[in-house]
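# Remarks on the overall topology
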Amino acid sequence: MILERGPVLLENKVFYVTTPIYYPSDKLHIGHALTTTMADTLARYKKMRGYDVYFLTGSDEHGQKIQRKAQEAGVEPLTYVDRIVASFQELWRRLDIQYNDFIRTTEGRHKRVVQELFRRIYEQGDIYKSEYEGWYCTPCETFWTERQLVEGNCPDCGRPVELLREESYFFRLSKYADRLLEYIEEHPEFIQPPSRRNEMINFIKGGLEDLCVSRTTFDWGIPVPFDSRHVIYVWFDALTNYISALGYGTEDDSLFRRYWPGAVHLVGKDIVRFHTIIWPIILMAAGIELPRQVFGHGWLLVEGGKMSKSKGNVVDPMILIERYGSDAIRYFLLREMPYGNDGYYSEEALVNRINTDLANDFGNLLSRTTAMIEKFAGGYIPAPGSEESPLDRELKSLAARVPEEVDRALNNFEFAKALSSIWELINRANKYIEETAPWSLARRSENRERLNTVLYNLAEAIRQATVMCTPFMPGVPRRVWQQLGIAEKAELHAWDSLAPWGGIPAGIKIARGEPLFPRLEWQGEGAAPAVVCTKNGESDRAESSAAGKEGEELISIEEFGRIKLRVAQVLAAERVPKADKLLKLEVKLGDERRTVVAGIAKYYRPEDLVGKKVILVANLKPAKLRGIVSEGMVLAAVDGDNLALLTTDAEITDGAVVR
Ligand code: MSP
């Protein structure tokens, strides 16, 4: 099974990895940094393993949303996006992202390929002209049928949709549905993780309708080559970036021939559908092989669920990098995301990870080891003795196993698992210090040889862990190599140097340095500046939570103000299986949808709740109850065995603030 999910490119040692191309409608947030960090880590890892790697990212610059944003700002669309695209590139620089190419969909090299592909598919009859009548979600740039809408809104983002009626070109998705299904079934590794593969299979089995692939009501896009009143649908345009950047169909298509179809597309779960249905069908229609894999990762959520400007909870990665350094941010993103599922960001969790994993586990291992080499071995890595104890063997056999585990995990896109394998080695080495107690050995000269062995093994364990950390935290190795005295010995930084044990030469002079990751004080939201962007995009400073002198039982108005209460309307309710107290509620707060799990099953029947307006604690940290992420808490009055939900005295729209 593992092999099925796994990678793929061992034979020809070519690895082509892509990120989605981001919309330059706004600055990027920490969630966007996730995919790009994953892609960079894979690219660096594969390079270390001797692969011929190509890493592509870019920006998706056309479409109605961007045209509107530019209009609002009173500038030309290109002027509008230029500035934002520059901020993307600056973010990637600061996050140590080493891409090979950054494609902008406004570039000529891209436009030509899109037009050519469109024309080819049209000429063979798979694109035809008709009339579109239906719904469009501009923020998602997605067409929906009436049936797909949820309460008249976009089923993906919950925002209002617009009714479109225009002459359009259509792409015969329906014609290819069976072929695609067969392909997905025959290539179990194509869509990862398997849960998303199943979702897509069900989606296709539900029937594919032909896709509208042109628009006439705005003009910020690539013109249909034979009908300039139309611009090409932004997703047709955007998906093509993965081959236009390789020079597909142009005079120099050497990159395309070298890297296609070895592509691994990393995407967020919301756009898996575009990459596993529309994109493969475009390729099938054009007679191009399909990409090797699409991995759909979960979302990085914050308090209150999704990040959104209107909630004012958008976390700016630039501020975080400045404050904590890019290695720590990369580590957090990769370590905190459960495989294929959503993960949570909070600054407190970030600081915890830095203190626990980076400062305590890794940083202390380095500083204790170098301190002991200095104190007990005159600052030179000693040669190990000839005898090997069971503890030594255990450490070495773990070290021999970890690289394979990291390899397997990374090939399955299990970044957190790969890191936790490396940390197994780091923590084993820390335990080895306690077990061998070098400070005791140092007291008696007859233990000299044993002491040398222990110090040598520790230096080697650090070296091995650092080599393996390189793709995840590319800034760390340089500092470790300096301290271990092997900065100039590139051969000891390579993956190949992990086996056999004993790569680090004895007799090297070490150079103790600054702590790898200084411990941070987390003083809570109240004391530290928050790193959220406000609606205006400025960074926000959380007010200090004035404790007041009201006595223990009293809280100040500011403290009360930190609790965000809002009116929510219950859209659906159901019992949580095997939990007799819990109901799962789908609630609506204005444009937003949330899932809330409430312990009220004994007092309310699900059907009686639908339509009710309740009061929700809207900024409660999400919590998982019976596997369901609850994004808030409904308030109820309780008296003994009696419970009544709080509601409003008069009609008021959902989303309204309670104060
Ligand atoms: N332009 C399209 C992609 C075209 S690819 C041919 C697009 N752009 S986007 O900027 O809206 O989103 C880009 C990616 O960011 C998506 O994969 C999306 O899932 C991801 N993320 C946006 N918010 C996210 C989180 N909070 N967490 C993780 N990823 C998130 O869609």
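Please refer to the structure higher up on the page.
Report follows, based on the coordinates. Owing to the predicted nature of the structure, the values given are computational and were not obtained by experimental measurement.

A few words now on the pattern of salt bridges. Once the charged atoms of two side chains with opposite charge are near each other, the side chains can pair. Overall, the coordinates contain 52 salt bridges when judged by the stated rule. In this structure, Lys 27 engages Asp 316 in a salt bridge whose closest nitrogen and oxygen atoms are separated by 3.7 Å. Taken as a pair, Lys 27 in the loop between β1 (14-18) and α2 (30-48) and Asp 316 in the loop between β15 (314-315) and α12 (317-324) lie far apart in primary sequence, 289 residues in all. Classification of Asp 316 by relative accessible area gives buried; the value is 8%. In this structure, the salt-bridge partner of Arg 605 is Asp 608, at a minimum N-O distance of 3.0 Å. By relative accessible area, which is 36% here, Asp 608 ends up partly exposed. Ionic contacts of the salt-bridge type, sharing partners, join the residues Glu 90, Arg 93, Arg 94 and Glu 322 into one network.

Another point: the nonpolar core. Nonpolar side chains tend to gather and get buried jointly when the protein is soluble and globular. Counting residues in hydrophobic clusters, the biggest one holds 109 residues, and the most contacted among them are Trp 92, Leu 266, Ile 329, Ile 422, Trp 423 and Met 473. Ignoring any residue separated from it by four or fewer positions in sequence, one finds Ile 422 in contact with Val 402, Val 406, Ala 465, Met 468, Cys 469 and Phe 472. In terms of nonpolar packing, the next biggest core, distinct from the first, is built from 70 residues, Tyr 16, Leu 173, Tyr 233 and Phe 256 among them.

The next point concerns the packing of aromatic side chains. Aromatic ring pairs are defined here through the distance separating the ring centres and the angle between the ring planes. For the structure shown, the criterion picks out 31 aromatic pairs. With 5.8 Å between their ring centres and 55 degrees between their planes, Tyr 99 and Phe 102 make a pair best called tilted. Classification of Tyr 99 as partly exposed rests on a relative accessible area of 26%. Residue Phe 102 is classed as buried on the basis of its relative accessible area, which comes to 9%. Aromatic side chains Tyr 122 and Tyr 169 sit 5.9 Å apart centroid to centroid with 85 degrees between the ring planes, which places their arrangement in the edge-to-face category. A residue pair is termed long-range when its members are at least 10 positions apart, and Tyr 122 in helix α5 (residues 108-123) and Tyr 169 in strand β6 (residues 162-171) qualify at 47 residues. In this structure Tyr 122 comes out as partly exposed when scored by relative accessible area, which is 33%. Judged by its relative accessible area of 3%, Tyr 169 falls in the buried class. Here the aromatic cluster, defined as three or more aromatic residues joined through ring pairs, consists of Tyr 16, Tyr 54, Tyr 242, Tyr 248, Phe 256, Tyr 259, Trp 260 and Trp 279. For Lys 46, the ring lying beneath its charged end belongs to Phe 15, and the centroid distance is 5.5 Å. Taking NZ or CZ as reference, Lys 306 lies 4.8 Å from the ring centre of Trp 299, over its face.

What follows concerns helix α19 (residues 476-484). Turning to α19, its buried residues are Val 476, Pro 477, Val 480, Trp 481, Gln 483 and Leu 484. Mapping the buried residues of α19 onto a view down its axis gives an arc of 165 degrees, with all of them on the same face. At its buried positions, α19 is contacted by α13 (326-336), α14 (347-377) and α18 (448-469).

The rules we used
- Residues numbered from 1 in each chain as written.
- Predicted model: local features only at pLDDT ≥ 70, side-chain atom pairs only at ≥ 80, totals over all residues.
- Heavy atoms only, no water.
- Salt bridge = Lys/Arg side-chain N within 4 Å of Asp/Glu carboxyl O.
- Helix = DSSP H or I, 4+ residues; strand = E, 2+ residues; numbered from the N terminus.
- Buried < 20%, exposed > 50% of the residue type's maximum accessible area, 1.4 Å probe, protein only.
- Core = buried A, V, L, I, M, F, W, Y, C linked by side-chain atoms within 4.5 Å.
- Contact = heavy atoms within 4.5 Å.
- Phe/Tyr/Trp six-rings, centres within 6.5 Å; stacked < 30°, edge-to-face > 60°.
- Lys NZ or Arg CZ within 6 Å of the ring centre and 35° of its normal.
- Arc of directions from axis to C-beta.

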